[in-house]
Amino acid sequence: MKKLIACYAIAIIWSCADKKDDKKETDVAKIPDQYTIKQMMDNEAIGGGSFYHDNSKLLVSSNRSGIYNMYTLAINGGNLEPVTKSDSASVFAISYFPKDERMLFRMDGNGDEIYHIYLRNLDGSHTDLTPTKGARATFHSWAEDNKSFFLTSNKRDSKYMDLYQMDFLSYSPKLIYKNDEGYDIGNLSKDQKYLSLTKSLNTNDSDLYLYDFSNKKKVKINTEQSANSSQDFSSNGEALYYTTDVGNEFSYLMKYTIDDGAREKVMERDWDILGSYFTKNGTYLVTYINEDAKNTIEVMDVATGKNIDLPSFDAMAITNVDFSNDEKWMRFYAGGSQTPSNLYIYNLETKEQKQLIDVLNPEIKADDLVSAEVIRYKSFDGIEIPAIYYKPHQASASNKVPALVWVHGGPGGQSRQNFSSFIQYLTNHGYAVLAVNNRGSSGYGKTFYKMDDLNHGDKDLKDCVEGKNWLASQPEIAADKIGIIGGSYGGYMTMAALSYTPEEFAVGVNLFGVTNWVRTLKSIPPWWESFKDALYLELGDPYSADSVRLKEISPLFHTDKVTKPLIVLQGSQDPRVLQVESDEIVAGIKKNGVPVEYVLFEDEGHGFVKKENQIEAYSRVLEFLDVYLKKDKGIPIIDGQ
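Model, not experiment: these values are computed from the prediction.

S.K.: Just to check I follow, could you spell out the overall build of the protein chain for this structure?
M.R.: Per the secondary structure count, the protein chain includes 11 helices and 37 strands. Counting only C-alpha atoms and orienting by the principal axes, one finds that the protein chain spans roughly 70 × 60 × 45 Å. Put simply, the protein chain has 641 residues, and 60% of those count as buried. In the protein chain, 55% of the contacts between residues at least 6 apart in sequence involve partners at least 24 apart. Here the protein chain has roughly 24800 Å² of accessible surface; of this, 47% comes from carbon and sulfur atoms. Here the protein chain contributes 70 positive and 90 negative side-chain charges, whose respective centroids are spaced 2 Å apart.

S.K.: Looking at this structure, how should I read the pairing of strand S22 (residues 272–278)?
M.R.: Most of S22 is tucked away: five of the seven residues are buried. Here S22 pairs with strand S23 (residues 284–290) via six bridges, running antiparallel. Each residue of the ladder has a partner; that of Asp 272, found in S23, is Asn 290. The antiparallel hairpin formed by S22 and S23 contains five residues in its connecting segment, where Gly 282 sits at a positive phi of about 80°.

S.K.: I'm lost on helix H8 (residues 529–539) in this one. Help?
M.R.: In an α-helix there are 3.6 residues to a turn, and that puts residues three or four apart on one side. For H8, every residue scored as buried is listed here: Ser 530, Phe 531, Ala 534, Leu 535, Tyr 536, Glu 538 and Leu 539. Phi turns positive, to about 130°, at Gly 540, one or two residues after H8.

S.K.: I tried to follow the environment of Ser 141 on my own but got confused; where do I start?
M.R.: On the secondary structure map, Ser 141 appears in strand S10 (residues 137–142). For the pair Ser 141 and Leu 151, spaced 10 residues apart in sequence, the C-alpha to C-alpha distance is 7.0 Å. Here Ser 141 is in contact with Phe 149 and Phe 150, once residues within four sequence places are set aside. A distance of 2.8 Å separates a polar atom in the side chain of Ser 141 from a polar atom in the side chain of His 140.

S.K.: Honestly, unusual backbone geometry in this entry has me stumped. Any pointers?
M.R.: With glycine set apart, most residues show a phi of negative sign, and most peptide bonds adopt trans. Of note, the amide linkage connecting Gly 410 to Pro 411 takes the cis form, showing an omega dihedral of 0°. Mapped onto the secondary structure, Pro 411 falls in the loop between strand S32 (401–407) and helix H3 (421–428). In this structure, Glu 113 is a non-glycine residue whose phi angle is positive, near 65°. Topologically, Glu 113 is positioned in the loop between strand S7 (103–107) and strand S8 (116–120). In the Ramachandran plot, Ala 315 falls in the positive-phi region, its phi being about 60° despite a non-glycine side chain. A relative accessible area of 60% means that Ala 315 is categorised as exposed.

S.K.: Where do I start with helix H6 (residues 489–500) in this structure?
M.R.: If you check H6, its first and last C-alpha atoms are 16 Å apart, about what 12 residues at 1.5 Å a residue would give, namely 16 Å. Of all 12 residues making up H6, 11 are buried, and the element is well covered by its neighbours. Turning to H6, its buried residues number three or more, namely Tyr 489, Gly 490, Gly 491, Tyr 492, Met 493, Thr 494, Met 495, Ala 496, Ala 497, Leu 498 and Ser 499.

S.K.: So what exactly am I meant to see when it comes to the packing of aromatic side chains here?
M.R.: Geometrically, a pair of aromatic rings is defined through the distance of the ring centres and the angle of the planes. Scanning the model with the defined rule gives 30 aromatic pairs in all. Each ring, one from Tyr 68 and one from Phe 92, has its centre 4.8 Å from the other, and the planes form 35°; the classification is tilted. Separated by 24 residues along the polypeptide, Tyr 68 in the loop between strand S3 (57–62) and strand S4 (69–74) and Phe 92 in strand S6 (residues 92–96) bring together distant segments of the chain. Among the residues examined, Tyr 68 registers a relative accessible area of 17% and is labelled buried. Ring geometry for Phe 97 versus Trp 142: centroids 5.2 Å apart, planes at 65°, classification edge-to-face. Of this pair, Phe 97 sits in the loop between S6 and S7 while Trp 142 sits in strand S10; the two residues are 45 residues apart in sequence, bridging distant segments of the chain. Taking relative accessible area as the criterion, Trp 142 reaches 24% and is therefore assigned partly exposed. By way of ring pairs, the aromatic residues Phe 97, Phe 139, Trp 142, Phe 149 and Phe 168 are connected into one cluster. Of note, Arg 106 hangs over the ring of Tyr 115, and the distance from its end group to the ring centre comes to 4.4 Å. When the ring centre of Tyr 183 is taken as origin, the NZ or CZ atom of Lys 199, which lies over that ring, is 5.5 Å away.

S.K.: How should the packing of helix H5 (residues 459–472) against H6 be read in this particular structure?
M.R.: Helices that pack against each other are described as a pair by the angle of their axes relative to one another and the distance between those axes. H6 packs onto H5 with a crossing angle of 80° between their chain directions and a minimal axis gap of 10 Å. As far as their axial angle goes, H6 and H5 are roughly perpendicular. Seen from H5, the contacting residues are Asp 460, Leu 461 and Cys 464; seen from H6, they are Tyr 489, Met 493, Ala 496, Ala 497 and Tyr 500. Residue classes in the contact of H5 with H6 are distributed as seven nonpolar, no polar and one charged.

S.K.: What exactly am I supposed to notice about the confidence of the model for the protein chain here?
M.R.: Looking at the protein chain, the pLDDT average stands at 93 and 94% of residues meet or exceed 70. Every residue in residues 1–26 scores below 50 in pLDDT, and together they form 101 contacts with partners more than four places removed in sequence or on other chains. Note on residues 633–641: pLDDT is under 50 here. Beyond four places in sequence and across chains, it has 24 contacts.

S.K.: Before we go on, may I ask you to explain the sheet that holds strand S16 (residues 206–212) in this structure?
M.R.: Strands in a sheet are paired, the pairing made by backbone hydrogen bonds, and the direction either parallel or antiparallel. Read across the open sheet, the four strands follow the order S14-S15-S16-S17; overall the sheet is antiparallel. Two strands in the sheet have a free side with no partner beyond their single neighbour: strand S14 (184–188) and strand S17 (217–220). Averaged over neighbouring strand pairs, the angle between their axes works out to 30° when direction is ignored.

S.K.: Hey, could you run me through the packing of H3 against helix H11 (residues 611–630) in this one?
M.R.: Interhelical geometry of H3 versus H11 gives an angle of 30° and a closest axis separation of 11 Å. When the axes of H3 and H11 are compared, the pair comes out roughly parallel. In the crossing of H3 with H11, the sense of the turn from one axis to the other is right-handed. Mapping the contact onto sequence places Phe 422, Tyr 425 and Leu 426 in H3 and Tyr 618, Ser 619, Val 621, Leu 622 and Leu 625 in H11. Partitioned by chemical class, the residues of the contact of H3 with H11 number seven nonpolar, one polar and no charged.

S.K.: Looking at this structure, how should I read the environment of Ile 423?
M.R.: If you trace the backbone, Ile 423 turns up in helix H3. By relative accessible area, which is 0% here, Ile 423 ends up buried. Separated by 53 residues in the primary sequence, Ile 423 and Val 370 place their C-alpha atoms 9.2 Å from one another.

S.K.: How should the sheet that holds S7 be read in this particular structure?
M.R.: Read across the open sheet, the four strands follow the order S6-S7-S8-S9; overall the sheet is antiparallel. The open sheet has two edge strands with one neighbour each: S6 and strand S9 (126–128). Averaged over all pairs of adjacent strands, the angle between their axes in this sheet comes to 30°, without regard to strand direction. The pairing of S7 with S8 spans five bridges and is classified as antiparallel. By the bridge assignment, Phe 105 is partnered in S8 with Tyr 118.

Parameters at a glance
Residues numbered from 1 in each chain as written. Predicted model: local features only at pLDDT ≥ 70, side-chain atom pairs only at ≥ 80, totals over all residues. Heavy atoms only, no water. Helix = DSSP H or I, 4+ residues; strand = E, 2+ residues; numbered from the N terminus. Buried < 20%, exposed > 50% of the residue type's maximum accessible area, 1.4 Å probe, protein only. Contact = heavy atoms within 4.5 Å. Areas by Shrake-Rupley, 256 points an atom, 1.4 Å probe, with all protein chains shown as cover. Lys, Arg positive; Asp, Glu negative; His and termini not counted. Charge placed at Lys NZ, Arg CZ, Asp CG, Glu CD. Pairing = 2+ DSSP bridges. Polar contact = N/O pair within 3.5 Å; in protein donor to acceptor, adjacent residues only side chain to side chain. Expected span 1.5 Å × (residues − 1). Phe/Tyr/Trp six-rings, centres within 6.5 Å; stacked < 30°, edge-to-face > 60°. Lys NZ or Arg CZ within 6 Å of the ring centre and 35° of its normal. Axes fitted to C-alpha atoms, helices over the stretch in contact; angles between N-to-C directions. Parallel < 35°, antiparallel > 145°, perpendicular 65-115°, else oblique. Nonpolar A, V, L, I, M, F, W, Y, C, P; charged D, E, K, R; others polar. pLDDT = per-residue confidence, 0-100. Left-handed = near helix turned anticlockwise from the far one by under 90°.

Have a look at this one:
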């Protein structure tokens, strides 16, 4: 459920290392070269990596054209070769077919999240395999016999995702699980005998079920209310592996034996286990651990029960891995807060390793980018709040810089350790950034995660204010020049800060933030039906007496209190935070005579993915900050173009 609630989050995440407390006023500031937003956004974003059946090449997604398209990349070296050339909707690769060069990919309508699955045929033509208008479809898995694949779709009922099987000959979907009770579809065993299902209870907890196709009966796996999430079936189909946090603050991995119902703890760490799966032939068990807001990956040899040695890097970590079907090759990404993740290939037999692409714009000096640091501070009630701090190279006690408190999306998201061109752009131009993981953030135990339930805009906001106070206490920060910025739920927190604590922050940057909770909770996309009740338990039911409190915490009804400059950015195709949220908050605050800027993109959804729009959005943010956070204190203004 923590991953589901984080789906409301903006996909801007960043990196950190351990923080040292010994700040010295004698630190010598480094003056970096300064880069335009175009240069920063020319750091290529690349993702995925499906192996071709003979392991000769990979299928990936990249935004090098200015928008995401599919490319192939030979593992023995070479350039990215374009497969699609979309100039409007983003194209995201799913996979090669198991035995030939056909490909699956997905697209939506400029960010409306109504995904369709497309086939790239052998002749290069494209076919929409899920053409039902208004229906959403997502790829699930390949069948074991390599003659069909599984997908989920809400074409039958917009509220529920059913499971279908589609063969490679007619491409006609066959309904195999009709989902009338609002379950989330989980894993399917290789022999297609069993399907795992989850039912949300609240934003942390869910029930886990095993569905038997032979008798159409469900067995409940968990015995207590807790966070339960299906991970994978064993290769022989005899056991289901799942994560749970019953009796613990963090999720750990369990094994459920189907025949006798026996349960066995398989793996436990000091942090949440985010996910775990077996490679195709069951040789390896791959596990992702959310260790202090960064991915730690373990790959266990199932036969020996021991973890294999993975490649290591200075100042970088492996963030994602995948294996070829014959399990001889592993592709992986490695990066850090100061460098975007590069794609590598690794031969598990010879231990040969090769970097396939360098995504850092060659015009940018790596030393000019900022490594982030993990810090922790005490909030108003003594609760320890984790945060990620980006200190500009040019900042020092003798050269104080303005700063921003950054609030992640959610509710229930987390600021994590990956590269962000936007954050690096801000720090490069002299703005410190503190990414606050306020109470209610995931990754720090279920007690911390639940601390903001039915209390949004109150204690979580106070955590952000205390983050501002921490910044103000740092010798390199201009204490009276601290703003607040965030996207989605973080955008709500920005507006809450300007509305309910109007003297705390000098400016606000609202990226598609919620401003009217009653309307937003009533307009949840239909495919979130299985999670709606859980969300209402955390935030409040807009159809009940909770609506009174929801209105009280909605900034739209308190615009008269806003006195500080604001910039709002919004995508008109956003299905989660509707454009009207931003339209109305801008109109309301303008009545106060307060400086307000509004940037609207007609071809974006919940987050900006097109380079030209990112360049426009982030340059506008810097221009706004230069005018309202630097100008009147004699801090030099830097050209953001």
